[in-house]
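# Architecture at a glance
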Amino acid sequence: MDDGAETDHSMSPSHAPRIRDLVWYYLRLGTLGFGGPVALCAQMEKELVEERQWLSKDEMRDGIAVCQSLPGPLAIQVGIFISYLRGGLGGAWAGGWAFILPNFIIVSALGALYVHFSGLPILTAIFYGVSPAVIALILHSCYRLAKLGMEDWLQWIIAAICFAITVAVQAEVAPLFIGSGIVGILYYGSLFRQRSPSPSLTAALTAGAGISKVTGFPLLWKLLLFFLKAGSLTFGSGLVIVPFLEKGLVQNTGWLNERQFLVAVAIGMISPGPVVITATFVGYLVAGFWGATVSTIGIFLPSFLFVLIVAPILVRHRAQPDVQGFVKGAYAAAIGTILGAAVLLGKIAIGDWLTVMIALLSVVVLFRWKISNPLLIAATAAIGIIAFPLLNPTWVFVR
């Protein structure tokens, strides 16, 4: 099935990627893509829309808005969506897993080192230096995404409301995306539409809700079912999944203690790719290599299913005013909740004068010069390694 690959008939043959091109691009992005989902989406927008011209600005905006409205990690879902548009179903599976593979290898290796050496104290120092830079990356990337898809006053009002709610409840609220999309339909589209544009999302959420805590299964099956549920029921970027995982892994199952869990979250933050790659590290600590494997499959498999259910519908009906209205509303909600998540993350990442300086300087560097994300991460990691033993900040991993 190649419907997605044929949607943009205006694309010149020189710009149309093959599945092999998609795989190589996402292998590289998965290896070098730091800064979280917003930074990764902004990087894809820069490289695939502006430089390689593999897709249009409208396609990129549609992909971000729809994927932000679905459970699961945003950046991976956008990668799957883009791969579907240019490579059909085969491209979606190949590009998506190519995006995930480098993260899996890196985090599994870190898990093995952590187990072998009974903990890696250097991770705390790296986390100390890198996490403020991640805040700067989120803010810079959100600016780029706002330029890409924020068009009028209503979108900014939606974004402001979603930002305030996200900060107030200290989590991304899933109904915000659907509600914002409905507001977009009413304002930009038709008041007389008979059906919601997201029946597949509702059906998918209903199906996902049926995954519950199962006892009596071998440990690997328990890990798989737990992370299938996590990937099916948690919305948005990075931090949203942390409270869910903490409750399940520390409080309910006792698979990890609080210290191990915080290290796992730090690994997700400082490694390339999405924060939910934390699942791979958790799986390795609980059940070794095969635990890492089933946990990775569990956390990401729902993303493929959700995107491949919704993407064909969007591709087929993208020109309809109601669909465009839903996309505009959901996109605005994404901008607001991402900024709200940056505030929540900042409370964890910034706790003294040095982290404030790292965050401010990172913002200046990103807006003033075109420094690459890996270079910024490497520089701030080095600062953390040097400064942590000198300052000995006791607040790190405590908040």
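Residues numbered from 1 in each chain as written. Predicted model: local features only at pLDDT ≥ 70, side-chain atom pairs only at ≥ 80, totals over all residues. Heavy atoms only, no water.

## Digging into the confidence of the model for the protein
Atomic detail in the predicted coordinates should be set aside for any region of low pLDDT. Looking at the protein as a whole, its pLDDT mean stands at 79, while 81% of the residues score no less than 70. Element-level mean pLDDT values for the protein span from 37 in helix α8 (residues 199-209) up to 92 in helix α14 (residues 353-368). Below a pLDDT of 50 lies the segment residues 1-10, which in the model reaches 22 contacts outside its immediate sequence neighbourhood of four places, other chains included. (pLDDT = per-residue confidence, 0-100. Helix = DSSP H or I, 4+ residues; strand = E, 2+ residues; numbered from the N terminus. Contact = heavy atoms within 4.5 Å.)

## A closer look at the packing of helix α3 (residues 57-68) against helix α4 (residues 74-116)
At a minimum axis separation of 9 Å, α3 and α4 run at an interaxial angle of 135°. Considering their axes alone, α3 and α4 lie oblique with respect to each other. Classified by chirality, the crossing of α4 by α3 is right-handed. Contact residues: E59, M60, G63, I64, C67 and Q68 in α3; L74, Q77, V78, F81, I82, L85 and R86 in α4. Grouping the constituent residues of the contact of α3 with α4 by class yields eight nonpolar, three polar and two charged. (Axes fitted to C-alpha atoms, helices over the stretch in contact; angles between N-to-C directions. Parallel < 35°, antiparallel > 145°, perpendicular 65-115°, else oblique. Left-handed = near helix turned anticlockwise from the far one by under 90°. Nonpolar A, V, L, I, M, F, W, Y, C, P; charged D, E, K, R; others polar.)

## Some thoughts on the packing of helix α5 (residues 122-149) against α14
Their axes nearest at 8 Å, the elements α5 and α14 cross at an angle of 35°. Our pair here, α5 against α14, has a crossing hand that is right-handed. Residues Y128, G129, P132, A133, A136, L137, L139, H140 and Y143 of α5 lie in contact with α14, whose contacting residues are L354, T355, I358, A359, S362, V363, L366 and F367. For the contact of α5 with α14, a count of residues per class yields 13 nonpolar, four polar and no charged.

## A look at α3
Every α-helix winds through 3.6 residues per turn, so residues three or four apart in the chain are directed the same way. The end-to-end C-alpha separation of α3 is 16 Å, in line with the 16 Å expected for twelve residues at 1.5 Å each. Buried within α3 we find E59, M60, R61, D62, G63, I64, A65, V66, C67 and Q68. (Expected span 1.5 Å × (residues − 1). Buried < 20%, exposed > 50% of the residue type's maximum accessible area, 1.4 Å probe, protein only.)

## A look at the packing of aromatic side chains
Following the criterion strictly, the structure yields 15 aromatic pairs and no others. Seen from their ring centres, Y25 and W54 are 6.0 Å apart, and the 70° between their planes marks the pair as edge-to-face. Separated by 29 residues along the polypeptide, Y25 in helix α1 (residues 19-32) and W54 in the loop between α2 (36-51) and α3 bring together distant segments of the chain. On the basis of relative accessibility, which here comes to 2%, the residue Y25 falls in the buried class. For W54, a relative accessible area of 8% gives the class buried. Measuring from centroid to centroid gives 6.0 Å for Y128 and W395, while their planes differ by 55°, and the two rings are tilted. Pair noted here: Y128 is in helix α5 and W395 is in the segment after α15 (373-391), with a separation of 267 residues, a long-range link. Through pairs of rings, three or more aromatic residues link up here, namely Y25, Y26, W54 and F99. Sitting above the plane of the W54 ring, R52 keeps its charged end 5.1 Å from the centroid. (Phe/Tyr/Trp six-rings, centres within 6.5 Å; stacked < 30°, edge-to-face > 60°. Lys NZ or Arg CZ within 6 Å of the ring centre and 35° of its normal.)

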